[in-house]
Amino acid sequence: MPRVIITVSEKNPQPYRFSLDRKSVSIGRGSDNDIVIDSGSVSGKHAEMRRVEGGYELGDVGSTNGIKQRGVRHDRITLVSGMSLRLGDVSFDFTLTEDELEAIAREKPAVQSLPPIEPAADMPAEEAPKPKRRPIPPPRPAQEPSGVSFGMIVLFLLLAGAAFVTGLSIRHEKDTDESLIKAIVNKPVPEEKAAE
């Protein structure tokens, strides 16, 4: 049976066990919850632990202080055996037995497990990184070329300009038997300009 241990500051930890086939467990300060937590940081209806294909997940149901993993607030967290979370200021520890892990492993998992992360030496145990499961992303399509760069455009324009001038020079030399550069240098100055 999945085991949840709730630890409220300055109180004894309270263990709870549920059968593997139980679909939903409500958690909150209100007396109508399956797990009642006596703490002002926990809302009347705080969270719901749900049985999903391949394991369990914990979802916030509109609480004031939320559910947090390593200090980051989440709406929904996939639970992994050995994981520690916070419901407001209350510690929530989730564990499964070997038999339960095997039973869940036989189901088609909805997510892929990642290797555990080692905690920093100065990090409190309840905030230490725990293994988590993430959705498997779809394969990415092959990347298309990003386009022509600015430098390539400038190079193309320079080459096109050089080709135009070369073509013009060859045409001029063919028509006049004189090079274009020589014609430009020896160009007569109009009389109005010479008089000034």
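Calculation notes
All residue numbers refer to positions counted from 1 along the written sequence of the respective chain. Local features are withheld for residues below a pLDDT of 70 in this predicted model, meaning they are given only at 70 or higher, and side-chain atom pairs are given and counted only at 80 or more; totals for whole chains, interfaces and linings count all residues. Only hydrogens and water are set aside; all other atoms, that is, all heavy atoms of the structure, feed into the side-chain values. A pair of aromatic rings is counted whenever rings of Phe, Tyr or Trp (Trp by its six-membered ring) have centres within 6.5 Å, and the orientation is called stacked for planes under 30 degrees apart, edge-to-face for over 60 and tilted otherwise. The rule for a charge over a ring is simple: NZ of Lys or CZ of Arg within 6 Å of the ring centre, and within 35 degrees of the ring normal. The patch calculation keeps residues exceeding 30% relative accessible area without a salt bridge and links them within 9 Å when they carry like charges or within 5 Å when they are nonpolar (Val, Leu, Ile, Met, Phe, Trp, Tyr). Computed with a 1.4 Å probe, the accessible areas rest on the Shrake-Rupley method; for each residue, only the protein chains presented here act as cover. By definition here, a salt bridge exists when the distance from a side-chain nitrogen of Lys or Arg to a carboxyl oxygen of Asp or Glu is within 4 Å. By the criteria applied, helices consist of DSSP H or I runs no shorter than four residues and strands consist of E runs no shorter than two, each listed in order from the N terminus. The buried label applies to any residue whose accessible area, calculated with a 1.4 Å probe on protein chains only, is under 20% of its type's maximum; exposed applies above 50%, and partly exposed to all values in between. Should any heavy atoms of two residues lie within 4.5 Å, those residues are considered in contact. A pair of strands counts as paired when DSSP detects no fewer than two bridges linking them. Axis lines are fitted through C-alpha atoms, for helices just across the contact stretch, and the angle between N-to-C directions can take any value from 0 to 180 degrees. Joining through side-chain atoms within 4.5 Å is the link that ties buried Ala, Val, Leu, Ile, Met, Phe, Trp, Tyr and Cys residues into a set, and such a set is a nonpolar core.

Student: Give a detailed account of the packing of aromatic side chains, specifying residues and quantitative values.
Tutor: The geometry of an aromatic ring pair is captured by two quantities: the separation of the ring centres and the angle between the planes. In total, this model carries 1 aromatic pair according to the counting rule given. The side chain of R51 reaches across the aromatic face of Y56, ending 5.3 Å from its centre.

Student: I'd like a description of a nonpolar patch on the surface, backed by residues and values.
Tutor: Among the surface-exposed residues, F150, V154 and L158 lie close enough to one another that they form a single nonpolar patch of about 330 Å² accessible area. As for its placement among the helices and strands, F150 is situated in helix 2 (residues 150–176). Overall, the relative accessible area of 66% leaves F150 in the exposed class.

Student: If you had to explain the environment of Y16 to someone new, which residues and values would you point to?
Tutor: As for its placement among the helices and strands, Y16 is situated in strand 2 (residues 14–17). With a relative accessible area of 22%, Y16 lands in the partly exposed category. Separated by 12 residues in sequence, Y16 and V4 place their C-alpha atoms 5.1 Å apart. Among residues more than four places away in sequence, those in contact with Y16 are P2, R3, V4, I6, I35 and V36.

Student: Could you give me a rundown of the sheet that holds strand 10 (residues 83–87), with the residues and numbers involved?
Tutor: Read from one edge of the open sheet, 6 strands run 2-1-11-10-7-8, paired in antiparallel fashion. Every interior strand has two partners, whereas the edge strands, strand 2 and strand 8 (72–74), have only one. Each neighbouring strand pair of the sheet contributes to a mean axis angle of 30 degrees, computed without reference to strand direction. Pairing of strand 7 (residues 67–69) with strand 10 involves 2 bridges; the strand directions are antiparallel. From the neighbouring strand, K68 faces strand 10, where its bridge partner is R86.

Student: Which residues make up the sheet that holds strand 6 (residues 55–60), and what are the values?
Tutor: Ordered in space as 4-3-5-6-9, the 5 strands form an open sheet in which the pairing is mixed. Either end of the sheet is taken by a strand with one partner, and the two such strands are strand 4 (35–36) and strand 9 (76–79).

Student: Pulling in residues and values, what's your account of the nonpolar core?
Tutor: One finds I37, M49, L58, L79 and F92 to be the most contacted residues of the largest nonpolar core, which totals 25 residues. Put simply, the parts of the chain that give this core at least two residues each are strand 1 (3–7), strand 3 (24–28), strand 5 (47–52), strand 6, strand 9, strand 10 and strand 11 (90–95).

Student: Go over unusual backbone geometry, please, and point to the residues and values.
Tutor: Of note, the phi angle at R70 is positive, near 55 degrees, even though the residue is not glycine. Within the element layout of this structure, R70 appears in the loop between strand 7 and strand 8. A relative accessible area of 29% means that R70 is categorised as partly exposed. For D177, which is not a glycine, the phi torsion comes out positive at approximately 55 degrees. Note that D177 resides in the loop between helix 2 and helix 3 (180–185). You can call D177 exposed: its relative accessible area is 73%.

Student: Give a description of the environment of I5 that names residues and reports values.
Tutor: In this fold, I5 is placed in strand 1. When the C-alpha atoms of I5 and R17 are compared, they prove to be 8.8 Å apart, with 12 residues separating the residues in sequence. If near-sequence neighbours (up to four positions away) are discounted, I5 is found in contact with P13, Q14, P15, S91, F92 and D93.

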